[in-house]
Structure formats: C-alpha cells, structure tokens
Amino acid sequence: MFLPELQPKHVKEKYGEKGELIKKDSSGRVEYQTDGQTYVGIKMYDRILKIGDGMGGQQSMLAETLPPPAPSY
C-alpha cells in the first residue's frame, strides 16, 4: 500500500500531499478517508508463496483484486 500521508517530503513533492497527483488511470489507485481528509493512494495485492511451494522460476503477477485461493488437498 502506498499511503501519501506517511511519505517523506521528497515523495510528497512528486505525488502530492494527499496523493492528488497520482494519475486517475494508475493500477491500484484508491481514494480513502483518514481523519476527515480524503487521500488518493495505491493498493495492490498478490499471493506470496513460501519457498518450496510452486515451480522453479516462479513468477507472480499483480492484480487489483485478489482471486479466491485454490482449494488445498
């Protein structure tokens, strides 16, 4: 999660004090309220498998919504 209110000054200069400079079509862009203020941040999820689960050379793809987990047998 990218929360603009928690970023250092040099990051806020690029993205805005409240994230208002984050492009509207950015993946994972979300608007949220904190302490009566509206902010724009980025929220993305992915499954992270522990070492040993999955195949060699495993790659992950980020998704805006997390699909339900596959059944475990």
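About the criteria used
Residues numbered from 1 in each chain as written. Predicted model: local features only at pLDDT ≥ 70, side-chain atom pairs only at ≥ 80, totals over all residues. Heavy atoms only, no water. Pairing = 2+ DSSP bridges. Helix = DSSP H or I, 4+ residues; strand = E, 2+ residues; numbered from the N terminus. Salt bridge = Lys/Arg side-chain N within 4 Å of Asp/Glu carboxyl O.

Draft legend 1. Spatial organisation of the pairing of strand 2 (residues 37-42). Here strand 1 (residues 29-34) pairs with strand 2 via 6 bridges, running antiparallel. Across the sheet, residue V30 finds its bridge partner in strand 2, namely G41. Counted between consecutive antiparallel strands, the loop separating strand 1 from strand 2 contains 2 residues, among which D35 sits at a positive phi close to 50 degrees.

Draft legend 2. Looking closely at the pattern of salt bridges. Per the stated rule, a full pass over the model turns up 2 salt bridges. Ionic pairing is found between E17 and K12, a salt bridge with its closest N-O pair at 3.9 Å. Between R29 and E31 there is a salt bridge; the shortest N-O distance is 3.5 Å.

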